[in-house]
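# Breakdown of the fold
The primary structure of each chain is shown beneath.
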Amino acid sequence: MAHTVYTFIVVAEDGTSHEHHTRQRTGGVDTWLRRAVGAAPTPIPLAAAHLVAWCDAHAPSLGRRPNPTAGLLIAHLGGARLPLLGPIALTGYRDGTARSLTTAQVDAVLAALTHCR
């Protein structure tokens, strides 16, 4: 049985980034977003309508560490300049739903990250 593979990028609090390929067997996109960023994945709109960043809405109350690299990346991608805490995830976005990143999107996000470090 074939399972959908989602590609997304996570930027950790220490500024490191990891490209993830998750094979979705059960649950939905929210399942791996919760594992990536925390209990309450909240979208951060970006200028490019085909991309969205996700953070944990509860990060401030959980004492998560600041993530200045993620804040710079979000601003570089046309989002609001926010003080972000904890890891963030970047996914594709279409029709109001998180989608897998395309190869071109991965390349664009990684290139933008290079300028933020």
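Bear in mind the structure is a predicted one, so any value in this text is a computation, not a measurement.

Taken as a whole, this structure holds 3 salt bridges when the rule is applied. The closest approach of N and O atoms between E13 and R64, which form a salt bridge, is 3.3 Å. Of this pair, E13 sits in the loop between β1 (4-11) and β2 (17-24) while R64 sits in the loop between β4 (51-56) and α2 (68-76), placing them 51 residues apart in sequence. Of the residues examined, E13 reaches a relative accessible area of 18% and is grouped as buried. Among the salt bridges present, the one from D95 reaches R94, with a minimum N-O distance of 4.0 Å. Here D95 and R94 have matching classes, each one exposed. By sharing partners, the salt bridges in this structure join R94, D95 and R99 into a single network.

Turning our attention to the environment of L113. Mapped onto the secondary structure, L113 falls in helix α3 (residues 103-116). Take L113: its relative accessible area is 0%, and that puts it in the buried class. For the pair L113 and G38, spaced 75 residues apart in sequence, the C-alpha separation works out to 21 Å. Every residue in contact with L113, bar those within four places of it in the chain, is listed here: V11, S17, T69 and L73.

Applying the stated criterion to the full structure yields 2 aromatic pairs. Taking the centre distance of 5.3 Å and the plane angle of 40 degrees together, the rings of Y6 and W32 count as tilted. In this pair, Y6 is assigned in strand β1 and W32 in helix α1 (residues 29-37), connecting sequence segments 26 residues apart. For the pair shown, Y6 and W32 are each scored as buried. Aromatic pair F8 and W32: ring centres 4.3 Å apart, planes at 20 degrees, arrangement stacked. With F8 in strand β1 and W32 in helix α1, the pair connects residues that are 24 residues apart, well separated along the chain.

A word on the pairing of strand β3 (residues 41-45). Note: β3 against β4, 5 bridges, orientation antiparallel. What sits directly across from P41, in β4, is D56. The antiparallel hairpin formed by β3 and β4 contains 5 residues in its connecting segment.

Think of an α-helix as 3.6 residues a turn; residues three or four steps apart then line up on the same face. Listed in full, the buried residues belonging to α1 are V29, W32, L33, A36 and V37. Down the axis of α1, the smallest arc covering the buried residues is 115 degrees, so these residues share one side. Among the residues trailing α1, G38 stands out with phi positive, at a value near 135 degrees.

What counts as what
Sequence order as written defines the numbering, with residues in each chain counted from 1. Whole-chain, interface and lining totals are the exception, using all residues; otherwise, since this is a predicted model, local features are given only for residues with pLDDT of at least 70 and side-chain atom pairs are given and counted only at 80 or more. Hydrogens are left out, water is left out, and the side-chain values use all remaining heavy atoms of the structure. What counts as a salt bridge is simple: a side-chain nitrogen of Lys or Arg found within 4 Å of a carboxyl oxygen of Asp or Glu. Think of it this way: any DSSP run of H or I at least four residues long counts as a helix, any run of E at least two long counts as a strand, and we number them from the N terminus. The rule is simple: take the accessible area with a 1.4 Å probe, protein chains only, and divide by the maximum for that residue type; under 20% is buried, over 50% is exposed, in between is partly exposed. The contact criterion used throughout is that any non-hydrogen atoms of two residues lie within 4.5 Å. Classification of ring pairs uses Phe, Tyr and Trp, with its six-membered ring standing for Trp, and accepts pairs whose centres are within 6.5 Å; under 30 degrees between planes counts as stacked, over 60 as edge-to-face, and the remaining range as tilted. Think of it this way: DSSP has to see at least two bridges between two strands before they count as a pair. What the arc describes is the spread of directions from the helix axis to the C-beta atoms.

Honestly, that's just the spatial picture; any functional story needs more than this.
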